[in-house]
Amino acid sequence: MSEYSVKLSVVVPCYNEEGNVDAVFDEAVKVLGERNISFEMIFVNDGSTDGTMKKLRSVVDRARVPVRVVDFSRNFGKEAAMMAGLAEVQGEYAVIMDGDMQQSPEVVLEMFDLLEGDDEIDCVAAVQKQRREGCLLSFFKRSFYKIINKAASVEFVSGASDFRMMRRPVVDAVLSVSEYFRFSKGIFSFVGFNTYYLPYQARERAAGKTKWSFRKLFSYAIDGIIGFTTAPLRFLTVSGTLLSLVSFIYLAVVVIKRIFLGDPVQGFATTVGCILLLGGLQLLGMGIMGEYLGRTYIETKHRPIYIKRATLDNRENSKENSENTPE
Ligand code: UDP
Ligand code: MG
């Protein structure tokens, strides 16, 4: 008998997915059931404002496989939802899957076979082959990966999503990273382990709409850069040093010209230009420092990453609680 109660735990973060959760559950049961894999489903209701929780309650009631639902007290974001789901995992393997039907359970089977077939692989991450997105967005994404891979010490793989299957030690490692500003792509690289990248084609979202806007993606990218590298601070030091050097040389030139060539000191435009340039650079510097400082401030508060309203479990009577997460 293995030390794990099931072979596979499927973690599904859900935020306003009332039109999808039933289908996600049924499809998983069908595909995984056909292969006789013993599995459990863990849904996290991330403060949905639609009927998602109602649908999840009915899934818990009708399910014949172990199902748990972690209900958040409000929307804490997908990162927090994934963490809460992973904290519930009882299986030997855990897979994170979106609750919008974009990721098919057939790919989950492929991941499963890879882990079963090779002890050396600890984690299988699905990588989207090609995405249908605007050229501006894809330009920003490419620049993001270029910048962060130059600056950070861990590697970020373009297109690798949160859709991945892990062995339990990887799950424990991810949970041990307890920072408040969570950037999963970075956390998965940070914990290391042997990762196999499996190309796959995402399907269209079945119902509802994506929660990502350009603004949200942009601030997520900034989170990633600030969370995993201090290179912007180094950039400030280097550019400050260079600017001082240039201004010393410039001053020397002005003095020499004045004394030896008798040139009058001139240049109203130069003065204004310099003031504006330096003012701008100083503000930029303060801004960058402020980004780090602000995050440090929030991080030192050690607030819980998520707060549960209730946990439903079809193997026992549902227990209502308001536990917080470990810090
Ligand atoms: N999600 C979540 N909390 C949020 C936003 C999204 O749990 O605050 C879930 C969402 O329900 C879905 C998954 O994260 O299951 C991916 O979200 P989405 O489909 O909007 O992202 P995309 O596939 O467009 O990258
Ligand atoms: Mg999606």
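Note that the structure is predicted; figures quoted are calculated from it, not measured. All residue numbers here refer to positions counted from 1 along the written sequence of the relevant chain. Lettering for chains starts from A, numbering for ligands starts from 1, and both go in the order in which the items are written. pLDDT decides what is reported in this predicted model: residues at 70 or higher carry local features, side-chain atom pairs at 80 or more are listed and counted, and totals for whole chains, interfaces and linings draw on all residues regardless. Note that water and hydrogens are dropped before the side-chain values are worked out from all heavy atoms of the structure.

Trainee: Describe the pairing of strand β6 (residues 160-167), naming the residues involved and giving the relevant values.
Mentor: Most of β6 is tucked away: eight of the eight residues are buried. Paired strands, as defined in this entry, are two strands with at least two bridges between them according to DSSP. Only DSSP runs of H or I covering at least 4 residues are called helices, and only runs of E covering at least 2 are called strands; the numbering of each starts at the N terminus. As judged from the four bridges shared by strand β4 (residues 91-96) and β6, these two strands associate in the antiparallel manner. Bridged to Tyr 93 within β6 is Arg 167. Examined bridge by bridge, strand β5 (residues 123-128) and β6 share four bridges and lie antiparallel to one another. Paired with Ala 125 across the two strands is Arg 164, which belongs to β6. Classification of residues uses two cut-offs on accessible area relative to the type maximum, computed with a 1.4 Å probe and protein chains only: under 20% is buried, over 50% is exposed, and between them is partly exposed.

Trainee: An account of helix α4 (residues 105-117) is needed here, citing residue identities and associated values.
Mentor: Compared with the 18 Å implied by 1.5 Å per residue over 13 residues, the 18 Å span of α4 between its first and last C-alpha is a close match. Buried within α4 we find Pro 105, Val 107, Val 108, Leu 109, Met 111, Phe 112 and Leu 115. What makes two residues a contact is simply this: any of their non-hydrogen atoms within 4.5 Å. Looking at the packing, one finds that the buried side of α4 touches β1 (6-14), α1 (21-34), β4, β5, β6 and β7 (195-200). By this rule the span expected of a helix is its residue count minus one, scaled by 1.5 Å.

Trainee: An account of the packing of aromatic side chains is requested, with residue identities and associated values reported.
Mentor: In this analysis, rings of Phe, Tyr and Trp, with Trp reduced to its six-membered ring, are considered paired at centre separations within 6.5 Å, and the interplanar angle assigns stacked below 30 degrees, edge-to-face beyond 60, and tilted for intermediate values. Considering all chains together, one arrives at 14 aromatic pairs under this definition. Ring geometry for Tyr 180 versus Phe 181: centroids 5.6 Å apart, planes at 80 degrees, classification edge-to-face. A relative accessible area of 26% places Phe 181 in the partly exposed class. An aromatic cluster is defined as three or more aromatic residues linked by ring pairs; in this entry it consists of Phe 144, Tyr 145, Phe 156, Phe 183, Trp 212, Tyr 220 and Phe 228. The ring of Phe 76 has Arg 74 sitting right over it, with the charged end atom 3.9 Å from the ring centre. Geometry around Phe 181 places Arg 295 over its ring, the cationic atom sitting 5.2 Å from the centre. Geometrically, a charge over a ring is one whose NZ (Lys) or CZ (Arg) sits within 6 Å of the ring centre while staying within 35 degrees of the ring normal.

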